[in-house]
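# Observations on the three-dimensional arrangement
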Amino acid sequence: MALTQATRKKLVTLALVGPAGLWLGLFLVLPFIAMVVFSFGRRAPEGGYQAAFTFEQFANLGSRAAAFANTLMLAPVGALACLLIAYPVAYYLAVKAAPRHRLLLVSLVVVPFWTSLLVRTYAWMYLLGARGIPHLLELIGIENVRLINTPMAVLLGIVYGYLPLMIMPIYVSLEKLDRRLLEASADLGAKPVSTFFGITLPLSLPGVMTGLALVTILLLGEYLIPQLLGGGKVFFIGNALVDLFLQSRNWPFGSAIAVTLVVVVVIVLTIAMRIAWRFAGTRQVDLV
Amino acid sequence: MASALPNDIEFRSVTKAYGAVTAVRDINLAIPKGSFLALLGPSGCGKTTCLRMIGGFEQPSEGKILIDGREMNGVPAYRRPVNMVFQHYALFPHFNVEQNVAYGLRQMRPRISETEITRRVAEALSMVRLDGFAKRRTHEMSGGQQQRVALARAIVNRPAVLLLDEPLAALDKKLRSAMQIELQTLQRELGITFVLVTHDQEEALSMADQVCVMSAGRIRQIGSPQAVYDRPADLFVADFVGKINRFSAVLDADRLTARLADGRALSLGTARDLAPGRIELALRPEAIRLEKADGEHPLSGIVTHRIFLGSGVEYAVQVEGFGDFLVTSDRSSGETGLAAPGDAVSLTFGPAAIHAFHASEDA
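Conventions used here
- Residues numbered from 1 in each chain as written.
- Chains lettered and ligands numbered in written order.
- Predicted model: local features only at pLDDT ≥ 70, side-chain atom pairs only at ≥ 80, totals over all residues.
- Helix = DSSP H or I, 4+ residues; strand = E, 2+ residues; numbered from the N terminus.
- Rg over C-alpha atoms; globule rule 2.2 N^0.38 Å.
- Buried ≥ 20, exposed ≤ 12 C-beta atoms within 10 Å, placed from the backbone.
- Contact = placed C-beta atoms within 7 Å.
- Nonpolar A, V, L, I, M, F, W, Y, C, P; charged D, E, K, R; others polar.
- Pairing = 2+ DSSP bridges.
- Axes fitted to C-alpha atoms, helices over the stretch in contact; angles between N-to-C directions.
- Domains from an automatic or database assignment.
- Parallel < 35°, antiparallel > 145°, perpendicular 65-115°, else oblique.
- Left-handed = near helix turned anticlockwise from the far one by under 90°.
- Core = buried A, V, L, I, M, F, W, Y, C linked by C-beta atoms within 7 Å.
- Expected span 1.5 Å × (residues − 1).
- Arc of directions from axis to C-beta.

## Looking at the overall build of chain A
- From N to C terminus, chain A includes 12 helices and 2 strands.
- The order of α-helices and β-strands along chain A, N terminus first, is α-β-β-α-α-α-α-α-α-α-α-α-α-α.
- Over its C-alpha atoms chain A spans a radius of gyration of 24 Å, topping by over 25% the 19 Å that the globule rule assigns to 288 residues.
- In terms of overall dimensions, chain A has C-alpha extents of about 85 × 75 × 35 Å along its principal axes.
- Looking at the 288 residues of chain A, the share that counts as buried comes to 33%.
- Considering only residue pairs separated by 6 or more positions, chain A has 73% of its internal contacts joining residues 24 or more positions apart.

## A short note on the interface of chain A and chain B
- At the interface, 18 residues of chain A touch 18 residues of chain B.
- For the side of chain A that touches chain B, the elements supplying multiple residues, two or more each, are α8 (179-187) and α9 (192-220) of chain A.
- Among the elements that make up the side of chain A that touches chain B, the one with the highest residue count is α8(A) (6 residues).
- Broken down by class, the residue content of the side of chain A that touches chain B amounts to 9 nonpolar, 4 polar and 5 charged.

## Considerations on the sheet that holds strand β16 (residues 300-308) of chain B
All names here are of chain B.
- One open sheet holds the 5 strands; their spatial order is β15-β19-β16-β17-β18, and the pairing between them is antiparallel. Edge positions in the sheet fall to β15 (289-292) and β18 (323-330), since each has one partner strand and no second. Strand after strand, the sheet turns through a mean of 45 degrees between neighbouring axes, direction not considered.

## Regarding the domain arrangement of chain B
- According to the domain assignment, chain B contains domain 1 (7-235) and domain 2 (243-358).
- The C-alpha-based centres of domain 1 of chain B and domain 2 of chain B are spaced at 39 Å.

## Describing the environment of L181(A)
- Secondary-structure assignment places L181(A) in helix α8.
- Take L181(A): there are 19 C-beta atoms within 10 Å of it, and that puts it in the partly exposed class.
- The contacts of L181(A), once residues within four sequence positions are left out, are I199(A), A90(B) and F92(B).

## Here we look at the pairing of strand β6 (residues 82-85) of chain B
Residue and element names in this part refer to chain B.
- Neither face of β6 is exposed, since V82 and M84 on one face and N83 and V85 on the opposite face are all buried.
- Two strands pair when backbone bridges link them, and β6 and strand β7 (residues 161-165) are joined in this way by 4 bridges, in the parallel orientation. Bridge pairing links M84 to L163 in β7.

## Let's talk about the packing of helix α3 (residues 65-96) of chain A against helix α11 (residues 237-247) of chain A
Residue and element names in this part refer to chain A.
- Interhelical geometry of α3 versus α11 gives an angle of 145 degrees and a closest axis separation of 8 Å. Counted together, A67, F68 and T71 of α3 and I237, N239 and A240 of α11 form the full contact between these two elements.
- The class makeup of the residues in the contact of α3 with α11 is 4 nonpolar, 2 polar and no charged.

## Focus on the environment of F322(B)
All names here are of chain B.
- Counting through the fold element by element, F322 comes out in the loop between β17 (312-319) and β18.
- Between the alpha carbons of F322 and E166 there is a distance of 36 Å; along the sequence they are 156 residues apart.
- Not counting the four nearest positions on each side in its chain, F322 is found in contact with F247 and L299.

## Observations concerning the sheet that holds strand β13 (residues 265-267) of chain B
Residue and element names in this part refer to chain B.
- Read from one edge to the other, the open sheet built from 5 strands follows the order β13-β12-β11-β14-β20, with strand pairing classed as antiparallel. Unpaired on one side and paired on the other, β13 and β20 (355-358) mark the two borders of the sheet. The average angle at which neighbouring strand axes cross in this sheet is 45 degrees, direction not considered.

## Structural notes on the packing of helix α2 (residues 97-106) of chain B against helix α3 (residues 114-127) of chain B
Residues and elements named next belong to chain B.
- One way to put it is that α2 packs onto α3 with a least axis distance of 9 Å and a crossing angle of 125 degrees. Of the possible angle classes, the one that applies to α2 and α3 is oblique. As α2 runs across α3, the sense of the crossing is right-handed. Listed contacts from α3 to E98, V101, A102, L105 and R106 of α2 are I117, R120, V121, A124 and L125.
- Of the residues belonging to the contact of α2 with α3, the class tally is 7 nonpolar, no polar and 3 charged.

## Points about the nonpolar core
- Formed by 108 residues in total, the largest nonpolar core has its most connected members in A38(B), L39(B), A152(B), L163(B), V195(B) and C212(B).
- Both domains that furnish three or more residues to this core are identified here as domain 1 (7-235) and domain 2 (243-358) of chain B.
- Apart from residues lying up to four places away in sequence, L163(B) is in contact with L51(B), I54(B), G55(B), V82(B), N83(B), M84(B), V85(B) and V195(B).
- Listed in part, the 49 residues of the second largest apolar core include L155(A), I158(A), I225(A) and L244(A).

## As for unusual backbone geometry
Residues and elements named next belong to chain B.
- A cis amide bond links R109 with the next residue in sequence, P110, at an omega value of -5 degrees.
- By secondary structure assignment, the location of P110 is in the loop between α2 and α3.
- The phi torsion at A216 lies on the positive side, around 50 degrees, for a residue other than glycine.
- Of note, A216 is situated in the loop between β9 (210-215) and β10 (218-223).

## Regarding α3(B)
Residues and elements named next belong to chain B.
- A rise of 1.5 Å per residue sets the reference length of α3, with its 14 residues, at 20 Å; its end C-alpha atoms lie 20 Å apart and thus fit the reference within 8%.
- Of all the positions in α3, only V121, A124 and L125 are classed as buried. Taken down its axis, α3 places every buried residue within 100 degrees of arc, on the same side. Along α3, the residues that are exposed and aim more than 90 degrees away from the buried face are T115, E116, R119 and S126.
- Tucked into the core, α3 has its buried residues touching α2 and α4 (143-155).
- Phi for R129, located one or two positions after α3, is positive at around 55 degrees.

In structure tokens:
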């Protein structure tokens, strides 16, 4: 009964943060530390990890340059492609759509999530494969079109799979945009285009940055889409990691690649958020 | 904006309907150049709709609106020579004070030079006494300061008409009275027409030189604050602008004498322009004086409450058969000590203080 106010407060905080902290500590922080340790080690002759302190795994990163190049190119490009398609949709949903239809339309955006991405990507594999769209094109005389196992196929799969994740944060930021600001802009003589670029777009930047960060982060670790639509030709870091850990059992090299990826992501995100803060003038950028 | 036309804004038979709901019904209104007009009325009376139609945010369903003689139907907000101070200021959160104020100037075509923009922004900020605040972020400022930024942003474009939508509603009482004086000063300095929307009768009376009282989408009365207060056109205006005590009576055929419910006669002083029969009478609280009950005056009662207001005293007097009457007296009139709760008093007033209206009038 002698608990002081301060102690009680600390206990409540502990009870609230404890479970999540414990979970993250055990399954995120500890494995990450293990990964960093592994990345400085050597591959044991029979596969796995042998303790050492060497930079040779990092020196060898160049041998997976293609995976890095594909990932670091297609992830941001895919995210940007999602943005270009998602912004008009989100704008329509938040600003132009009749309020009574809004809920239905927004739900439609989420509907694809009701089936697994694996199944839907598999469907694309068929559509883009020899018996899909190329076959139809042959019927009208356009021959030798190759779609599957190209970067375009991977990009298409990315946009298809991740579009809803881009639409939602932009929709949210546009939806809470104060309409009076748009009226004030018009009142001060700004034409609709000027109002869009001067007010609407800057104020929806937090949503745009959230969407970009979310999609880019998920894409950097993407495995499924390149595997199914890229074949062995367009592979991401995720595919390289699966190879290294499960096939060649080169854990230290896999760890070095994973650590490098994490570092790259942190650097990219920090820069992106700095830019977003500068433009939006607030620190209300979600996610980071 | 100099032109020979006498009016800045004209409403010609303007009606605005949203589906089945008519917000504004057949409004005719002329706002002379350089005047300070207040649209006054309870919420939902259509005053904000009128303002938004001038601003270009709503289009009339019927009728025309003219600004400086030019018909404005179909002209978008960004092409109108008016600027608005929005109710909650609507300052751009991603801009600082200077950028907010410069926003309108940057929209002008042909473009104005940066030096000219800087000069005019500084001028506008100094007019609202915000020198030195140029680099501040707006959310770091108090409500009163934000209000001034909104004002500066609206006047920097030198509009023909400044529209103010409940500009003082979010400020505390002391700041509100200070801003009332400042707005009046600003209007005189700029010499442009101000149109103010408010539900606060005190605000309308103290700032405007023309008050337009609205209810249910119609104009009830337009006139100087004094005219609206002293000679309300109907019971609604009398009730909404200031406080009144109302009671019914029957007007004699001579239209000079009103018979109260208990049969006593009350002289109205002059013949009123009303049909004999049931009428409603109204008295302002400050037009009534309390005297010791003497049985000669038609209205007598018991003081039930005495409320000290600082500058004066407010009494509630229960008059048998008529209900509660509100009576206010100035401290300087030396009556403050006169009545106490429980005292029997007579209500005395001059016949000129009696407002008489048709009984059918809704209020």
